[in-house]
Amino acid sequence: MKNFFDYTLDELTDVYIKDYEQKKYRAVQTFKWLYEDKVEDVYHMTDIPFALRERLVKDFQIGTLKEEEMKISPDGTRKYLFTLADGSAVETVLMKYEFGNSVCVSTQVGCRMKCDFCASSKLSFGRNLTSGEIVEQIVYISRKIQDRISNVVFMGIGEPFDNYDNVMRAIKIINEPHGLNIGARHITVSTSGLVPQIVKFANEGLQCNLSISLHATNDKVRDKLMPVNKAYNIETLMQACRKYLEKTNRRITFEYALIAGVNDSTKDACALVDLLNGMLCHVNLIPVNAIEGGEYRRPNQNVMMAFRDALNNRGVTATIRRELGNEIDAACGQLRRRYYEE
Ligand code: SAH
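Residues numbered from 1 in each chain as written. Predicted model: local features only at pLDDT ≥ 70, side-chain atom pairs only at ≥ 80, totals over all residues. Heavy atoms only, no water.

Participant: How should the layout of surface pockets be read in this particular structure?
Facilitator: Space left empty within the atom packing is revealed by a probe, the size of a water molecule, rolled over the atoms. Of the pockets and cavities examined, the second largest pocket occupies roughly 170 Å³. Tyr35, Lys38, Arg148, Gly179 and Leu180 are the residues nearest the centre of the second largest pocket, which is lined by 14 residues in total. Secondary structure elements with two or more residues in the lining of the second largest pocket: helix 2 (25–36) and helix 4 (131–145). A breakdown of the residues in the lining of the second largest pocket according to their chemical character gives 6 nonpolar, 4 polar and 4 charged. Taken together, domain 1 (2–61) and domain 2 (66–341) each give at least three residues to the lining of the second largest pocket, which thus spans both. (1 Å grid on protein atoms, 1.4 Å probe; cavity = no way out; pocket = protein on both sides within 12 Å on 5 of 7 lines; lining within 4 Å. Points joined across faces, edges and corners; volume = space filled by probe spheres on them. Helix = DSSP H or I, 4+ residues; strand = E, 2+ residues; numbered from the N terminus. Nonpolar A, V, L, I, M, F, W, Y, C, P; charged D, E, K, R; others polar. Domains from an automatic or database assignment.)

So, in structure tokens, the structure goes:
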């Protein structure tokens with residue numbers, strides 16, 4: 001069975017023309033049913049000729065995700081646990097902001113990056129998600145809450161740039177005016193620092209946002225926190241970021257999880273200023289979230305504010321990220337393949 005959510009509009013158009021001898025606009029009609037009306041049954045696509053619907057039903061599924069569990073936090077954040085067709089599981093988070101609904105999608109079952117502070121790394125790697133599985137997380141939640149999704153962040157389980165091609169196809173479908181119609185400026189991809197893909201991404205000609213998970217200012221600390229640093233160290237990463245900026249002129253966000261006694265000193269703040277010197281960027285400070293069995297703790301509020309101020313006073317704009325979803329283990333680094341463990 002094929003999955004409708006795996007197809008960009010161009011790809012579905014091709015299939016319709018070649019395999020079903022249909023006119024081009026049938027694919028546009030289908031997209032409207034899938035992404036605007038969010039139907040779950042091909043027979044509900046009432047302006048598609050009945051004979052075609054009968055053929056499509058045999059060949060195509062509308063998605064494969066199954067909701068196993070949903071938790072709502074007091075702040076309104078929702079965490080969905082989905083099982084996939086092969087029985088593996090991922091989590092997706094919905095955050096409600098004044099400006100709209102933001103969905104944090106997973107891109108892989110598990111993760112290969114092995115960041116020391118992140119729960120998603122603590123279990124074995126399963127596989128890449130298909131683009132359809134990525135897109136459906138958004139469609140599913142939008143259908144459930146009967147509201148439009150205005151922002152998508154690729155910050156759930158997995159390393160988006162370790163599943164590059166499927167993530168790029170998913171972005172196309174999310175961005176497609178006849179698809180989810182979410183503007184590229186409202187889509188953010190976050191990476192632990194896979195340098196070749198950062199450079200490739202710069203050349204895609206997309207208006208998406210890029211976040212870099214930095215978390216340390218020297219290789220010794222970053223090697224321990226993020227093993228990916230042994231392949232692409234801080235200097236190599238910074239070079240790639242500068243190339244990205246040259247090419248796109250789009251502001252980069254650096255994610256920096258503050259960990260007590262590890263990377264939260266004024267010296268660290270000054271080193272961060274030196275590193276980011278003159279770059280078009282913003283620093284997002286995240287109080288580290290404790291994970292089960294983990295040793296890392298967040299600094300107290302004063303230390304975090306001092307760190308932020310040290311950056312701001314030296315011309316690097318920084319904010320402390322507002323926290324959502326902590327009560328339901330839906331915050332940064334807390335997503336995992338829980339369904340498997342239990
Ligand atoms: N693999 C991608 C995207 C997923 S993680 C990446 O590494 O960027 C999304 C963000 O949450 C990253 O910046 C990640 O470093 C951060 N994060 C992971 N674990 C965390 C924790 N325990 N506390 C705070 N932030 C964490």
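The structure having been displayed, the exposition proceeds.
Participant: Looking at this structure, I do not really get helix 3 (residues 50–59). What am I missing?
Facilitator: Because each turn of an α-helix spans 3.6 residues, side chains separated by three or four positions in sequence point in the same direction. Taken together, the buried positions of helix 3 are occupied by Leu52, Arg53 and Leu56. Each buried residue of helix 3 lies within a common arc of 100 degrees when the element is viewed along its axis, so the set occupies one face. Every exposed residue of helix 3 that faces more than 90 degrees away from the buried side is listed here: Ala51 and Lys58. On the buried face of helix 3, the contacting elements are helix 1 (9–20), helix 2 and strand 2 (60–61). (Buried < 20%, exposed > 50% of the residue type's maximum accessible area, 1.4 Å probe, protein only. Arc of directions from axis to C-beta. Contact = heavy atoms within 4.5 Å.)

Participant: Help me understand the packing of helix 4 against helix 5 (residues 164–175), please; the structure alone is not making it clear to me.
Facilitator: One way to put it is that helix 4 packs onto helix 5 with a least axis distance of 8 Å and a crossing angle of 40 degrees. The pairing of helix 4 with helix 5 is recorded here as oblique in orientation. Judged by the sense of rotation from one axis to the other, the crossing of helix 4 with helix 5 is right-handed. Taking contact as the criterion, the partners of Ser131, Ile134, Val135 and Ile138 in helix 4 are, on helix 5, Asn166, Val167, Arg169, Ala170, Ile173 and Ile174. Per-class residue counts for the contact of helix 4 with helix 5 are 7 nonpolar, 2 polar and 1 charged. (Axes fitted to C-alpha atoms, helices over the stretch in contact; angles between N-to-C directions. Parallel < 35°, antiparallel > 145°, perpendicular 65-115°, else oblique. Left-handed = near helix turned anticlockwise from the far one by under 90°.)

Participant: Help me understand the site of the ligand in this model?
Facilitator: Near the ligand, the surroundings consist of 19 residues, among which Phe117, Ser190, Ser213, His215 and Asn289 are the closest. Here an oxygen atom of the ligand sits 2.6 Å away from a polar atom, N or O, in the side chain of Ser190. With the chains in place, 96% of the 530 Å² that the ligand exposes on its own is no longer accessible. Along the lines of polarity and charge, the residues of the shell around the ligand split into 8 nonpolar, 9 polar and 2 charged. (Near = heavy atom within 4 Å. Polar contact = N/O pair within 3.5 Å; in protein donor to acceptor, adjacent residues only side chain to side chain. Areas by Shrake-Rupley, 256 points an atom, 1.4 Å probe, with all protein chains shown as cover.)

Participant: Explanation requested: empty space enclosed by the protein in the structure shown.
Facilitator: Considering all chains together, one arrives at 1 cavity of 30 Å³ or more under this definition. Lining the largest cavity we find Phe201, Leu206, Cys208, Tyr244 and Thr248. Split into classes, the residues belonging to the lining of the largest cavity amount to 4 nonpolar, 1 polar and no charged.

Participant: What is the right way to read the pairing of strand 11 (residues 209–213) from this model?
Facilitator: One face of the sheet, then the other: side chains in a regular strand alternate in exactly this way. For strand 11, a buried count of 4 out of 5 residues is recorded, marking the element as mostly surrounded by other parts of the structure. Where strand 10 (residues 187–191) meets strand 11, 4 bridges bridge the pair, whose relative direction is parallel. Bridge pairing in strand 11 places Thr191 opposite Ile212. Tracing the backbone out of strand 10, into helix 6 (residues 195–202) and back to the parallel element strand 11 gives a crossover that is right-handed. As defined by bridge partners, strand 11 adjoins strand 12 (residues 252–258) across 4 bridges and the pair is classed as parallel. Paired with Ile212 across the bridge in strand 12 is Phe254. (Pairing = 2+ DSSP bridges. Right-handed = clockwise from strand over helix to strand, strands pointing away.)

Participant: Any chance you could explain the pattern of salt bridges here in plain terms?
Facilitator: Here the idea is simple: oppositely charged side chains can pair when their charged atoms come close. One pass over the full model with this rule turns up 13 salt bridges. One salt bridge connects Asp37 with Lys32, and the closest N-O pair in it is separated by 3.1 Å. Glu40 is the partner of Arg143 in a salt bridge, and the nearest nitrogen-oxygen pair spans 3.7 Å. On the criterion of sequence distance, the pair formed by Arg143 in helix 4 and Glu40 in the loop between helix 2 and helix 3 is long-range, its members being 103 residues apart. One salt-bridge network, in which partners are shared between bridges, spans Asp86, Arg127 and Glu133. (Salt bridge = Lys/Arg side-chain N within 4 Å of Asp/Glu carboxyl O.)

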